[in-house]
Amino acid sequence: MLTYVRSSINYANVKAKGKNAITTSFTVFLLLWCASLSMAQELADTLQNPRIFFPYPMGERQWRTSIGLVFTTTPQDITEEVRVRVPAIDLHTLRNLNSHFYLDGQLKSQVIQNHLSIGIRWAHPITPRLSFSVGDDIGAWFGFLKLESFNSRGYGWLNYPNISLGYRLKNDLLLTFKTEAIFNLHSSSYVGDNRISYNNNRLNGVGFTWVLEQPFYNKTHFTLGVRALYTDFNWQFWSLHATFDRKIFYPQLIFGFIL
Amino acid sequence: MIKCYQAIVFLLLLLSLVGCEKKYEAPVPSLSWDEYNAPGAIPLTFRTRQAAEGVYSVTDGADMFGEQVALKWSFLIKGKDTTYYLSAFCEKDVSYIVLEGKRAHQTLYFEGYWRKIINTETGIVRFTIAADKGGKWLSADKMPVQRDSIIFSGVFGNNQDLPLNKITFKYQRPLNLKPLAILAHRGGGRTSDLLPASENSVEIVKLASRLGATGIEIDIRLTKDGIPILYHDNSLNLRLTQKNGLVGPIEEYTYQQLYTFVRLINGERIPTLAEVLDATLRNTNLSFVWLDTKYVGSLQVVRKIQKEYLQKADAAGRKLEIVIGLPETKAVDMYLALPDYASAPALCELDMETVRQTKAQIWAPRWTLGTQLDAVVQMKAEGRRVFVWTLDVPQYIQQYQEEGDFDGMLSNYPSIVAYYHYTQL
């Protein structure tokens, strides 16, 4: 059994160093962490609204969780005439670390393929209405497909450095715009006894997310968002073994209830 | 509850996504090279063409096309004229080069274009073989016998730009000529791969050999009036056709309606099966046609056309196999309902027991099941051939050729199948 490692010389102009991005992110977060510890005065959580995407320090709250669905529209280039919105269960959790830092964990599952990410955020309010965060997530995905005509499985690692900008439209309505880069650090797939691996070291795509978070019913809060991915790799379609080396548009709809 | 203006904000955000999908294009660049079109330049002889085929190392341009290429000729017959094309099959980014060649005195000139099929990169490429770099030898119709005896020196550019980047090929060895059926999916390739012809068209079938194919797979449906045509999807749609106002299943339209109102994405008409087989027989040297039956119904009309063109090929002395594909059990039932099914060449995609039941001469397992070496050996021991489908990932294509035992390989990228096959030691 052979292992093939693809060197990524192409796209030299847009190439970014995935591993370097992680190192840079780590250094930046370390500096921010030290800065936040040195702040004499603890930030008060002036924003009481439950939120998941809105970039704001968590205050006294230790945990925040939402559960929902993410619908990804299948792209024509890959699935041809079959264009459906494939739902994934989405469990999203925040864990407070200190006045500016919190952890962001997310599990997306379609049973036969799953994606788990964990990352750190540094959030900072600029004005009473405007705030932002910078973050970096590491994602791991795995999938298996053993049906009549398939004997496949795969796994991989991704990195998502991200920046979010939040604006409080009214006290009960939070608007967030998040932009992220997507680095497909590694992916492996197996078909029968055959295996191939890719070790990429470049920018594979970008994502833009717009999210509204607001009260919904009986003190619950609702997340409603759209995410536009432009990437040449999407873990949700690993089993189709798409070979296109061009950015493909994946629109996503995000629905969630903040618990 | 969600307020009205909040819904409007969200709707505006959604609308902002409309039109986000980028439209990719990879048009074939137009060619005009004075040296190539000089009045004294003459076509290359059969012996010269034959001698130029082989595996070449890439000494300039390897970062663009890979370390080596396989050069192979194909041809297209148009009436009494035959045009010869020299294709270079490359590993890097599934790229290929299509050239035409001429000779002036003892120098050979080649002009054409290159393309990376997995993305949209393309451009012009020009080569010369100077007299002292093999041109004299090739002009005298002598075969090369040693490495570096033929040197293609050239330039390539991006898109329509003047080609300025250096590219050099040096002859290394003859092509691997072990038999392998290199089958092009949908007549030559998918519309989504931005080829200059639409999938399942007469034009893509004429292009298939230049892309490395020795055979094709085509998708057969029936019109409302029972004419077998080529079309992949269930419905008329903008993925495959230009805007025309017709919607819904293609089986709801007569052939005349489709002929009059529908054009494929690159402007071609939806062809009949007979038109495509006619073009395959008369215009190409393709030796295999896989009729993938996409409809549920009697196979009588397809069988009749298959029989007719097999007889025509025999009469013309052409080596051409035409097989009826059996992708599912309903197709198997229809095939077994044919009065002469035992003599109708067929290819079965289902399990080995069904293959035996149908007496199909070819078993075609899906590639996602792996190389299945034991099963392949068993089927071959029973006198069958085994073709694997539809394999596009270059690394898997290489592995399946090195570790598998297939007689044929169906791919949207016949050029990379050709590369791994012809360069195999």
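Refer to the structure printed above.
This write-up is about the structure you can find in this document. Keep in mind it's a predicted model, so treat the numbers as computed, not measured. (Residues numbered from 1 in each chain as written. Chains lettered and ligands numbered in written order. Predicted model: local features only at pLDDT ≥ 70, side-chain atom pairs only at ≥ 80, totals over all residues.)

1. Description of the overall build of chain A
Regarding its fold elements, chain A presents 2 helices and 11 strands. Order of helices (α) and strands (β) in chain A, N terminus to C terminus: α-β-α-β-β-β-β-β-β-β-β-β-β. The buried share of chain A, reckoned over its 259 residues, is 35%. (Helix = DSSP H or I, 4+ residues; strand = E, 2+ residues; numbered from the N terminus. Buried ≥ 20, exposed ≤ 12 C-beta atoms within 10 Å, placed from the backbone.)

2. Considerations on the overall build of chain B
Check the secondary structure of chain B and you find 13 helices and 20 strands. Computed over its C-alpha atoms, the radius of gyration of chain B comes to 24 Å, within 12% of the 22 Å expected for a compact globule of 425 residues. Here the C-alpha coordinates of chain B stretch approximately 70 × 70 × 45 Å along the principal axes. Across the 425 residues in chain B, those meeting the buried criterion constitute 48%. Summarising the internal contacts of chain B: among those between residues at least 6 apart in sequence, 57% fall at separations of at least 24. (Rg over C-alpha atoms; globule rule 2.2 N^0.38 Å. Contact = placed C-beta atoms within 7 Å.)

3. Re helix 13 (residues 414-422) of chain B
Summarising burial for helix 13 of chain B: 9 of the 9 residues are buried, a large majority. Those residues of helix 13 of chain B lying buried are P414(B), S415(B), I416(B), V417(B), A418(B), Y419(B), Y420(B), H421(B) and Y422(B).

4. Thoughts on the pairing of strand 16 (residues 321-326) of chain B
Residue and element names in this part refer to chain B. Burial runs high along strand 16: 5 of the 6 residues are buried. The pairing of strand 15 (residues 288-293) with strand 16 spans 5 bridges and is parallel. Residue pairing across strands places W290 opposite V323, the latter belonging to strand 16. Regarding the hand of the β-α-β motif, the stretch spanning strand 15, helix 8 (residues 300-316) and strand 16 is right-handed. Handedness of the crossover joining strand 16 and strand 17 (residues 346-348) through helix 9 (residues 329-336) is recorded here as right-handed. (Pairing = 2+ DSSP bridges. Right-handed = clockwise from strand over helix to strand, strands pointing away.)

5. So, unusual backbone geometry
Residue and element names in this part refer to chain A. For H241, which is not glycine, the phi torsion reads 50° and is therefore positive. Examined against the element boundaries, H241 turns out to sit in the loop between strand 10 (221-231) and strand 11 (248-258). Judged by the 18 C-beta atoms lying within 10 Å of it, H241 falls in the partly exposed class.

6. Describing the interface of chain A and chain B
When the parts come together, some accessible area is lost, and that loss is often what is quoted as the size of the interface. Opposite the 32 residues of chain A that make contact, chain B presents 34 residues. When grouped by side-chain class, the residues that make up the side of chain A that touches chain B number 16 nonpolar, 10 polar and 6 charged. (Nonpolar A, V, L, I, M, F, W, Y, C, P; charged D, E, K, R; others polar.)

7. Describing the nonpolar core
Burial of nonpolar side chains together is a common tendency in soluble globular proteins. Counting residues in each nonpolar core, the largest one holds 131 residues, and the members touching the most others are L183(B), F387(B) and M409(B). Considering each element in turn, this core owes the most residues, 6 residues, to helix 13 of chain B. Residues in contact with L183(B), not counting those within four places in the same chain, are A213(B), G215(B), I216(B), E217(B), F288(B), W290(B), F387(B), G408(B), M409(B) and L410(B). If you look at the next biggest cluster of nonpolar residues, it comprises 21 residues, including F53(A), F101(A), I120(A) and L174(A). (Core = buried A, V, L, I, M, F, W, Y, C linked by C-beta atoms within 7 Å.)

8. Considerations on the packing of helix 7 (residues 273-283) of chain B against helix 8 of chain B
All names here are of chain B. The contact between helix 7 and helix 8 brings their axes to 11 Å, and the two run at 15°. On the basis of their axis angle, the class for helix 7 and helix 8 is roughly parallel. Here the hand of the crossing between helix 7 and helix 8 comes out right-handed. Judged by residue contacts, L273, A274, L277 and L281 of helix 7 engage V302, I305, Y309, K312, A313 and A316 from helix 8. For the contact of helix 7 with helix 8, the class distribution of residues is 9 nonpolar, no polar and 1 charged. (Axes fitted to C-alpha atoms, helices over the stretch in contact; angles between N-to-C directions. Parallel < 35°, antiparallel > 145°, perpendicular 65-115°, else oblique. Left-handed = near helix turned anticlockwise from the far one by under 90°.)

9. Looking at the environment of R64(A)
All names here are of chain A. By the element assignment, R64 lies in strand 1 (residues 63-73). C-beta crowding within 10 Å serves as the criterion here: with 18 such atoms nearby, R64 is assigned to the partly exposed category. A sequence separation of 29 residues divides R64 from T93, and the C-alpha atoms of the two residues are 5.6 Å apart.

10. Section: the pairing of strand 4 (residues 113-125) of chain A
Residue and element names in this part refer to chain A. In the sheet, strand 3 (residues 101-109) pairs with strand 4 via 9 bridges, with the strands oriented antiparallel. Its bridge partner lying in strand 4, F101 is registered against W122. Adjacent in sequence and paired antiparallel, strand 3 and strand 4 are bridged by 3 residues, among which V111 carries a positive phi angle near 65°. When strand 4 meets strand 5 (residues 130-147), the two strands line up antiparallel, connected through 13 bridges. Paired with G119 across the strands is D137, a residue of strand 5. Connecting strand 4 to the next strand, strand 5, in antiparallel fashion are 4 residues.

11. Quick look at the packing of helix 12 (residues 394-403) of chain B against helix 13 of chain B
Residue and element names in this part refer to chain B. Contact geometry of helix 12 with helix 13 gives a least axis separation of 10 Å together with a crossing angle of 40°. On the basis of their axis angle, the class for helix 12 and helix 13 is oblique. For the pair helix 12 and helix 13, the crossing hand works out as right-handed. Contacts from P394, I397, Q398 and Q401 of helix 12 reach helix 13 at I416, V417, Y420 and H421. Residues of the contact of helix 12 with helix 13, tallied by class, amount to 5 nonpolar, 3 polar and no charged.

12. Overview of the environment of G212(B)
All names here are of chain B. In this structure, G212 sits in the loop between helix 5 (202-207) and strand 11 (215-222). Measuring from C-alpha to C-alpha, the distance between G212 and S198 comes to 17 Å, with 14 residues separating the pair along the chain. For G212, the residues in contact, after removing those within four places along its chain, are S87, F89, I182, P414, S415, V417 and A418.

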